[in-house]
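# Report on the structure
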Amino acid sequence: MTTPTREQLSQVLNRIRDPKSGRGVVEAGLIQGLVVKDGRVGFMIEVAADVAPLYEAVRAACEKAARAVRGVEAVTAVLTAEGSGGAPRPARASAGLRKEVLPERGTHAQALPGVGAIVAVASGKGGVGKSTVAVNLALALTRLGKRVGLMDADIYGPSVPHLLGLSGRPRSADGKMLEPMERYGLKAMSIGFLIDRDAPAVWRGPVATGALHQLLTQVSWGDLDVLVIDMPPGTGDIHLSLAQRVALTGAIIVSTPQDIALLDARKGIAMFRKVEVPVLGVIENMSLYVCPNCGHEAHLFGHGGARKAAAELETEFLGEIPLHLSIREGSDDGAPVVAAHPAGAEARAFIAIAERVAAQIDAGVASRPPPRIVIV
Ligand code: ADP
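This is a predicted model, so every value here is computed, not measured. (Residues numbered from 1 in each chain as written. Predicted model: local features only at pLDDT ≥ 70, side-chain atom pairs only at ≥ 80, totals over all residues. Heavy atoms only, no water.)

### So, helix α4 (residues 130–143)
As a reminder of what qualifies: Counting from the N terminus, the helices are the DSSP runs of H or I reaching at least four residues and the strands are the DSSP runs of E reaching at least two. Every helix has an expected span of 1.5 Å times one less than the residues it contains. Only protein chains enter the accessibility calculation, which uses a 1.4 Å probe. A residue is then buried if its area is under 20% of the maximum for its type, exposed if over 50%, and partly exposed in between.
Between the first and last C-alpha of α4 there are 20 Å, a value that for 14 residues agrees with the 20 Å anticipated at 1.5 Å per step. Within α4, 13 of the 14 residues are buried, which leaves the element mostly enclosed by the surrounding structure. Backbone geometry just downstream of α4 places G145 in the positive-phi region, at approximately 90 degrees.

### Thoughts on the site of the ligand
Defined as follows: The rule for a residue being near a molecule or strand is that one of its heavy atoms must lie within 4 Å of it. In the analysis that follows, any N or O atom pair within 3.5 Å is treated as a polar contact, provided that within protein one partner can donate a hydrogen and the other can accept it, and provided that, for residues neighboring in sequence, both atoms belong to side chains. Methods summary: accessible areas were calculated by the Shrake-Rupley approach with a probe of 1.4 Å, and residue burial reflects only the protein chains presented. Charged residues are taken to be Asp, Glu, Lys and Arg, nonpolar residues to be Ala, Val, Leu, Ile, Met, Phe, Trp, Tyr, Cys and Pro, and polar residues to be all remaining types, Gly included.
Every one of the 16 residues lining the ligand counts as a neighbour, but G127, K130, S131, T132 and P322 are closest to it. Within the backbone of G127, one N or O atom sits 2.9 Å away from an oxygen atom of the ligand. K130 places a polar main-chain atom, nitrogen or oxygen, 2.8 Å from an oxygen atom of the ligand. Its free accessible area being 560 Å², the ligand has 78% of it covered by the protein chains. Among the elements of the structure, α4, β10 (279–290), β12 (317–323) and α10 (325–333) are those that each provide at least two residues to the shell around the ligand. Here the shell around the ligand is built from residues that sort into 6 nonpolar, 8 polar and 2 charged.

### Points about the pairing of strand β8 (residues 224–230)
For clarity, the threshold we go by: When DSSP finds two or more bridges between two strands, those strands count as paired.
Of all the 7 residues making up β8, 6 are buried; the element is thus mostly covered by neighbouring parts of the structure. As defined by bridge partners, strand β5 (residues 148–152) adjoins β8 across 5 bridges and the pair is classed as parallel. Opposite M151, over in β8, you have I229 as the bridge partner.

### A few points about the pattern of salt bridges
This is how it is decided: Salt bridges, as used here, are contacts in which a Lys or Arg side-chain nitrogen is within 4 Å of a carboxyl oxygen on Asp or Glu.
Under the counting rule described, the total for this entry stands at 10 salt bridges. Among the ionic pairs, K130 bridges to D230, the shortest N-O distance being 2.8 Å. Residue K130 is located in helix α4, and its partner D230 is located in strand β8; the two are separated by 100 residues in the primary sequence. Among the ionic contacts, a cluster of salt bridges with common partners joins E56, R59 and E63.

### Side note on the nonpolar core
Applied cut-off: Only buried Ala, Val, Leu, Ile, Met, Phe, Trp, Tyr and Cys residues count toward a nonpolar core, and they belong to the same one when joined by side-chain atoms within 4.5 Å. Any two residues having at least one pair of non-hydrogen atoms within 4.5 Å are treated as being in contact.
Of all hydrophobic cores here, the largest spans 88 residues; its most connected members are L227, I229 and F272. Take this core: its biggest share by element is 9 residues, from helix α12 (residues 345–362). If sequence neighbours within four positions are ignored, I229 has contacts with I118, V119, A120, V121, M151, A153, L216, L242 and L248. Counting 24 residues, the second largest nonpolar core, distinct from the first, contains V12, L13, V72 and L79.

### A look at unusual backbone geometry
One non-glycine residue, Y184, lies in the positive phi region at around 50 degrees. Along the chain, the position of Y184 falls in the loop between β6 (181–183) and β7 (186–190). For M286, which is not a glycine, the phi torsion comes out positive at approximately 60 degrees. Its location among the elements puts M286 in strand β10.

### Considering the side chain of R59
If you trace the backbone, R59 turns up in helix α2 (residues 56–67). A polar contact of 3.0 Å, which involves the side chain of R59, links it to the side chain of E56. Excluding residues within four positions of it along the chain, R59 makes contact with I45, A77, V78, L79, Q214 and Q218.

### Observations concerning the confidence of the model for the protein
Rules: pLDDT gives the predictor's per-residue confidence on a scale running from 0 to 100.
Looking at the protein, pLDDT values average 81 and 82% of them are 70 or higher. Per-element confidence in the protein is highest for α4, whose mean pLDDT is 97, and lowest for helix α3 (residues 90–94), whose mean pLDDT is 27. Low pLDDT, under 50, characterises residues 83–107; the predicted model gives this stretch 55 contacts beyond four residues in sequence or across chains. Under a pLDDT of 50 for its full length, residues 366–376 has, in the predicted model, 20 contacts with residues more than four places off or in other chains.

### A few points about the side chain of E346
By the secondary structure assignment, E346 is in helix α12. At 3.4 Å, the side chain of E346 forms a polar contact with the side chain of S326. In this structure E346 touches P322, H324, S326, I327 and V337, once residues within four positions along its chain are discounted.

### Comments concerning empty space enclosed by the protein
Applicable threshold: A cavity here means a set of 1 Å grid points, computed over protein atoms only, where a 1.4 Å probe fits but cannot escape. A pocket is an open set with protein on both sides within 12 Å along at least 5 of 7 lines, and lining residues have an atom within 4 Å of a point. Grid points are joined across faces, edges and corners, and a volume is the space filled by probe spheres set on the points.
Overall, the coordinates contain 2 cavities of 30 Å³ or more when judged by the stated rule. Taken as a whole, the second largest cavity encloses approximately 30 Å³ of empty space. If you trace the second largest cavity, you find it lined by L262, A265, R266, I269, V282, A309, A310 and L313. For the lining of the second largest cavity, the secondary structure elements donating two or more residues are α8 (259–274) and α9 (305–312). Along the lines of polarity and charge, the residues of the lining of the second largest cavity split into 7 nonpolar, no polar and 1 charged.

Okay, structure coming up:
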């Protein structure tokens, strides 16, 4: 089936009226970032923050209209609040958030129905093994008997499908909620299942965060004890917006032992604290190298830096993961080490960390009042 053009979509969308101006939504300039690619359509509806709730119905109508177009298989329509009803808080302004007005944490941070704890796995910079740790940690939690979901929030470089050896498209029973994919007893969702490899790069800033938020809240996770979120690397708008929109139980920072990575890890910790997300602790990855031939142990990138940094920053040191070929191979083969060799030393390292994380969750790290669920 042929994919409709952007112009065709624009025409169809323009039949929906902007309740304020009475004009078509395209003409009224509400539709931004319209992307049409291989039967998939994405756009955002940008409205002033104070009227955003009124426009949920418009968003839903646009989504429905776009979906009804021949050749359209999936639609991601995101409502984005532009402008400000009041002065932005200085903390947000300095954190680099532009444009988007985010709900205050604690008042609007949204819980996910049926999901017990939401844990973000983050890193100050890319390449430290964050995704590898997130996937194996999620699997380790399943081995402790937890019901676990894994959300790939790395919208610019989704790697969870590859790491879990998953492909294909998630199903939707009702055309609204997506069924998560499943592998190794883990439920998983990734923007990588929905968008072509080059498409995520099209989305920037508010569109990216909006799409991610929508994806997170429109998955039928079912009952989960823990949802692990593999965050994008670094500290940016997406992190802040997610932290403010979704009721995160806590964040885990992955770092390698080098000073430079640790410096970035500190930034990550500072960012989560600023938005009042408890930091559950730090994991040192690629900590110890054990030569597979002779068993010789070497600390290629130094050692103990993350433990020291965790102590200084008054957060828990959750453990260390060795640098090991089986970990990389497992990732490449879509068979993470915890699933492929659960009794091995590397898997045991992940399971020990999972026990510490589970203990913190069970002890109720987030012993703050439950967030209010707001449906606009
Ligand atoms: P990030 O998510 O931080 O960008 P990845 O998880 O994609 O990092 O890991 C980067 C690379 O390092 C991948 O090739 C991965 O297989 C490898 N890797 C990560 N952790 C380890 C480890 N402990 N031992 C060996 N290889 C690792």
